[in-house]
Amino acid sequence: MILPLTATYRLQLHGEFTFADAIEQLDHIEGLGVSHLYLSPIQTAQQGSTHGYDWVPPPAVAESLGGIEGLRELRSAAADRGIGVIVDIVPNHTGVEDPRQNPWWWDVLRNGKSSEYADYFDIDWSTDNGADGKIALPVLGSADDVASLEVDTSGDEPELSFYEHRFPLAPGTEAGQSAQEVHDRQHYRLAPWNIGVIGYRRFFSVNGLAGLRQEDPAVYAATHDLIRQLVEEDLVDGLRVDHPDGLADPQDYLQRLRADIGPDRILLIEKILAHDEPLDPSLPVDGTTGYETMRSVGAVLIDPTGESALGQLHQKYTGDRGDKLWLHAAERQLKLSILDETFPAERARLRRAITATARDREVFSNDELDSAIGAVIAGLGVYRADYPILAGTLDSVIASERERLPALATAFELLASAVATDDESRSRLAQVCGAVTAKSVEDCLFYRTARLVSLQEVGGDPAAFGESIDDFHAANVTRAKSWPRALTSLSTHDTKRSEDVRARIGILSQIPQRWTDFVDRSESRNPAPAGVTGLFLRQNLFGIWPADGVITGALRTRFHEYATKAIREGGVGTTWTEVNEQFETAVHAWIDASFDGPCAPEYTQLVQEMLPHIESDALVQKALASLLPGIPDVYQGTEWFDDSLVDPDNRRAVDYTRDGEHPKTRVVRAALTLRRRRQDVFVQGGYEPLSGTGPAADHLVAFGRTSTAGVIEVIVAAARWTVGLDAEQWAQTHLDLPAGTWREQITGTDVDGNVTLSELATPVGIFERVRE
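Residues numbered from 1 in each chain as written. Predicted model: local features only at pLDDT ≥ 70, side-chain atom pairs only at ≥ 80, totals over all residues. Heavy atoms only, no water.

Identification of the protein as Malto-oligosyltrehalose synthase from Williamsia marianensis is taken from an unreviewed UniProt entry.

If you want it as structure tokens, here you go:
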């Protein structure tokens, strides 16, 4: 039986937290009011994987997690508590970091085009692929490294070795005077990692994750046998699909998947929507995993009056204001450079597909077509534009870019014709666009600008400094009507900062001058190695700084590791591929000076002074996300305050022994228990904007949740911008309640007529109608 979906709890499974460990925490999870476990990928993955997105065939439940029997036991134990199970699946790619662990990939490398799995992977077999038609594997440090190859005969069959790497040998090719000669006879070609040659589509730019061709029915059948088994055994209530935008045809894929799992099981997709981009209503899904709600909930708590001062601070230390105009220009330039530097092989495959549709191949050059491709990808503001609801978007961008670059008119015309008539051109453009967008925006731009870094999140829009209450309400009215079963997430395994770190940093929008003075003093005492680096890391230090000022060794180590990733992703002073040890050493010395030097007491003082407001925003944010239209997802451990940063920091083990009466836990329990009890309101009901009356009404965020009859049965009222909230004016500001008695779910207080939040001594009130 498929259990009603009211709230999920995300668990990150791996060898140190298995199905059996999940069973141990079911009582706690049940006590929160959760209706479904939401499990990270459960299939066999590369050895030592801590996330499961590098699964390897044949599809099977990972023995390291407890195997299929362990899943059955978890399903049974959860069902005994009225809790269902949703599982994360990964159709776009499979792990190939160690080819020996992936029998499909190993067979393709061994047998080339004659392998029965040759069509499973999106391999570039063309003769002009940079590897003479062989599969280019970018693992060498340089071309000279072929001299380091050896033939390893220590196993059951000879293998080609390059340090720790092992590759298969085609039958009868192991003999030769040198390992290089043996290598030259293979179906693959080992290539330097930095020459822009790779023989297969990847997940973004991760060489260890090879793209699968789900558009091929045979590939779909082979990769979905396990899913069909899980459905047939009723071991899952639904699925979360990882990155469907990477597929050649996500719409077709989702149609087939929906047919396999049936009409009633939950189907959620990890789809990153641009600001104001709607999810296509033709998709047979229940919604996204919630990045758009994450953005909206955080943005409505940002004080827009802080924009100017924080922009001036940014300009002082970086030379630009970090505003919409600059961000859009920077995004465009980054897309162009990353397309050149990271995705030249993918662009070449796209160019060849487009060129194959041309009638006259002499009227344009490859450079011209490459420039046209780059201009279109840089101009598109979405991951991919081939969903029906975005019809006309691509044509519009091509037209505007052709007007801007008239010398490329012929190339633009060919591109437009190809994507309109050729499936491969259309899908490859969409796939390259998504990969370029992810790597240039979320994995680079969001690390090299710092006006307010809490806005720089997956699916976020730092160009929009906050969100009006009218826009907030309008989005939720639409969500209640169109996507009532989509997730409303605040933290995930992919977020760059936990919800509480973002909420804390968002407070800076309320104290821009105080923060400016702090940064100026800090810079004079402990100058940062680069202006934007200092602004960026100082905000993150404020986001995780302990209120008692005690910097533990664990916190210090975590932040140093975070900083290394952040500065390499941003590419200011150092990068992953060209590490500047001098710059990185300076950054880490600066961080230690921040922890230990004269600025440290000021961090502590500022955090302590802001602590009531920090806690208020964290609780309000959690309450809003838990009670808005959609299905709230509690990421493991975020029922308590959490100071996690980007992965792998946000995948640390959760301490489930801590106090369950934490103020945030009380909000979660009150909200989710209410949702589970009042499914008529939260699953089938609607959303009604509410507003307060009084001198501080703009500090109030309020809404009603209505029954199917349109009657308000639950009211949520929360405070925002509390730093500048005058206590007397707040006490004079109230929310009129409909007739009847209303019980506040956190405090148990009964009220009627109207309510003033100051009387409750809580930043958020959750009111349920108890009688007429």
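## Some points on the overall build of the protein
Note the threshold: A run of H or I in DSSP becomes a helix once it reaches four residues, and a run of E becomes a strand once it reaches two; helices and strands are each numbered from the N terminus. As a reference, a globule follows 2.2 Å times the number of residues to the power 0.38, and the radius of gyration itself is taken over C-alpha atoms. Partly exposed describes any residue whose relative accessible area lies between the buried limit of under 20% and the exposed limit of over 50%, with all areas from a 1.4 Å probe on protein chains only and scaled to the type maximum. Pairs of residues are marked as contacts when any of their non-hydrogen atoms sit within 4.5 Å. Surface accessibility in these figures is a Shrake-Rupley result with a 1.4 Å probe; residues are shielded only by whichever protein chains are displayed. Under the convention used here, Asp and Glu are negative, Lys and Arg are positive, and both His and the chain ends fall outside the count. Here the site of a charge means atom NZ of a Lys, CZ of an Arg, CG of an Asp or CD of a Glu.
Scanning the protein from terminus to terminus reveals 27 helices and 24 strands. The globule rule puts the C-alpha radius of gyration for 772 residues at 28 Å, and the 27 Å found for the protein is close to it. Across its three principal axes, the protein shows a C-alpha extent of roughly 90 × 65 × 55 Å. Burial status across the protein gives 61% buried among its 772 residues. For the protein, contacts bridging at least 24 residues in sequence account for 72% of all contacts bridging at least 6. Summed over its atoms, the accessible surface of the protein is roughly 28,600 Å², and 48% of this surface lies on carbon and sulfur atoms. Counting 71 positive and 118 negative side-chain charges, the protein places the centres of these two groups 2 Å from one another.

## Quick notes on the packing of helix α13 (residues 366-379) against helix α14 (residues 393-404)
For any two helices packed against each other, the geometry is given by the interaxial angle and the distance between the axes. Heads up, the condition is: Where helices are involved, their axes are fitted lines through C-alpha atoms of the stretch in contact, as for all axes, and angles between N-to-C directions lie from 0 to 180°. To sort the angles, those under 35 degrees are grouped as roughly parallel, those over 145 as roughly antiparallel, those from 65 to 115 as roughly perpendicular, and the leftovers as oblique. We call a crossing left-handed when the near helix sits turned anticlockwise from the far one by less than a right angle, and right-handed when that turn is clockwise. Polar here means any residue other than Ala, Val, Leu, Ile, Met, Phe, Trp, Tyr, Cys and Pro, which are nonpolar, and Asp, Glu, Lys and Arg, which are charged; Gly is therefore polar.
In the contact formed by α13 and α14, the axes pass within 9 Å of each other and the chain directions differ by 125°. Viewed along their axes, α13 and α14 adopt a mutual orientation that is oblique. In the crossing of α13 with α14, the sense of the turn from one axis to the other is right-handed. From α13, Ala-375, Val-376 and Gly-379 reach across to α14, where they touch Leu-394, Val-397, Ile-398, Glu-401 and Arg-404. For the contact of α13 with α14, the residue count by class is five nonpolar, one polar and two charged.

## Focus on helix α3 (residues 67-80)
The condition is simple: For a helix, the expected span equals 1.5 Å multiplied by the number of residues minus one.
For α3, built from 14 residues, the straight-helix expectation of 20 Å at 1.5 Å per residue is met to within 8% by its first-to-last C-alpha distance of 20 Å. Residues of α3 that are buried make contact with α1 (19-24), α2 (26-32), β2 (36-39), β3 (84-89) and α7 (225-232). Within two residues after α3, Gly-82 carries a phi angle of roughly 75°, on the positive side.

## Quick notes on the sheet that holds strand β11 (residues 206-211)
For the record, the criterion: Strands are labelled as partners when DSSP assigns at least two bridges between them.
Across the sheet, three strands lie side by side as β4-β11-β10; this open sheet has antiparallel pairing. Each edge of the sheet is formed by a strand with only one pairing partner; in this case those strands are β4 (93-95) and β10 (202-203).

## With respect to the sheet that holds strand β6 (residues 150-152)
Within a sheet, each strand pairs with its neighbour through backbone hydrogen bonds, oriented either parallel or antiparallel. If you trace the three strands from one edge of the open sheet to the other, you get β6-β7-β8, paired in antiparallel fashion. This sheet does not close on itself; its edge strands, each paired only once, are β6 and β8 (165-168). The sheet shows a mean angle of 40° between the axes of neighbouring strands, direction not considered. The pairing of strand β7 (residues 159-162) with β8 spans four bridges and is classified as antiparallel. Counterpart to Phe-162 in the pairing with β8 is His-165. This element, helix α4 (residues 103-111), spans β7 and β8 of the sheet and lies at about 60° to β8.

## A few points about unusual backbone geometry
Cis peptide bonds are those with omega within 30 degrees of zero, and the linkage from Pro-57 to Pro-58 qualifies with -5°. Mapped onto the secondary structure, Pro-58 falls in the loop between β2 and α3. Asp-647 connects to Pro-648 through a cis peptide bond whose omega is 10°. Relative to the helices and strands, Pro-648 resides in the loop between β16 (631-635) and α24 (663-677). The residue Tyr-163 is not glycine, and still its phi comes out positive at about 55°. Here Tyr-163 lies in the loop between β7 and β8.

## A short note on helix α19 (residues 512-525)
For clarity, the cut-off: Arc definition: directions from the helix axis to the C-beta atoms.
For α19, built from 14 residues, the straight-helix expectation of 20 Å at 1.5 Å per residue is met to within 8% by its first-to-last C-alpha distance of 20 Å. Within α19 the residues assigned to the buried category are Pro-512, Trp-515, Thr-516, Phe-518, Val-519, Ser-522 and Glu-523. End-on view of α19: buried residues confined to an arc of 165°, all on one side of the axis. Residues of α19 that are buried in the fold lie against α10 (307-318), α20 (531-544) and α23 (600-627).

## Here's the deal with the packing of aromatic side chains
Let me state the cut-off plainly: A pair of Phe, Tyr and Trp rings is counted when the ring centres sit within 6.5 Å of each other, with Trp represented by its six-membered ring. The angle between the planes then sorts it: under 30 degrees is stacked, over 60 is edge-to-face, the rest tilted. Either the NZ atom of lysine or the CZ atom of arginine qualifies as a charge over a ring when it sits within 6 Å of the ring centre and within 35 degrees of the ring normal.
Applying the stated criterion across every chain, the model contains 20 aromatic pairs. Grouping aromatic residues by their ring pairs yields a cluster made of Trp-515, Phe-518, Phe-542, Trp-545, Phe-559, Tyr-562, Phe-595 and Tyr-603. Here the basic side chain of Arg-10 rests over the ring of Tyr-38, its NZ or CZ set 4.6 Å away from the ring centre. Above the face of the Trp-721 ring, Arg-720 is positioned so that its terminal group lies 3.8 Å from the ring centre.

## Points about the pattern of salt bridges
This is how the line gets drawn: Should a side-chain nitrogen of Lys or Arg be within 4 Å of a carboxyl oxygen of Asp or Glu, the pair is scored as a salt bridge.
Tallied over the entire structure, the rule returns 68 salt bridges. As a salt-bridge pair, Lys-622 and Glu-499 come within 2.9 Å of each other at their nearest N and O atoms. You can see Lys-622 sitting in helix α23 and its partner Glu-499 sitting in helix α18 (residues 499-506), a full 123 residues away along the chain. Here Lys-622 matches Glu-499 in class, with each residue buried. Among the charged side chains, a salt-bridge network with shared partners connects Arg-677, Arg-678, Asp-680, Glu-713, Glu-768 and Arg-769.

## A word on the pairing of β16
Within β16, five of the five residues are buried, leaving the element largely enclosed by the surrounding structure. Where strand β1 (residues 8-11) lies against β16, three bridges are found, and the strand directions are parallel. Bridged to Tyr-9 within β16 is Val-634. Strand direction decides the pairing type here: strand β15 (residues 487-489) and β16, joined by three bridges, are parallel. From the neighbouring strand, Thr-488 faces β16, where its bridge partner is Pro-632.

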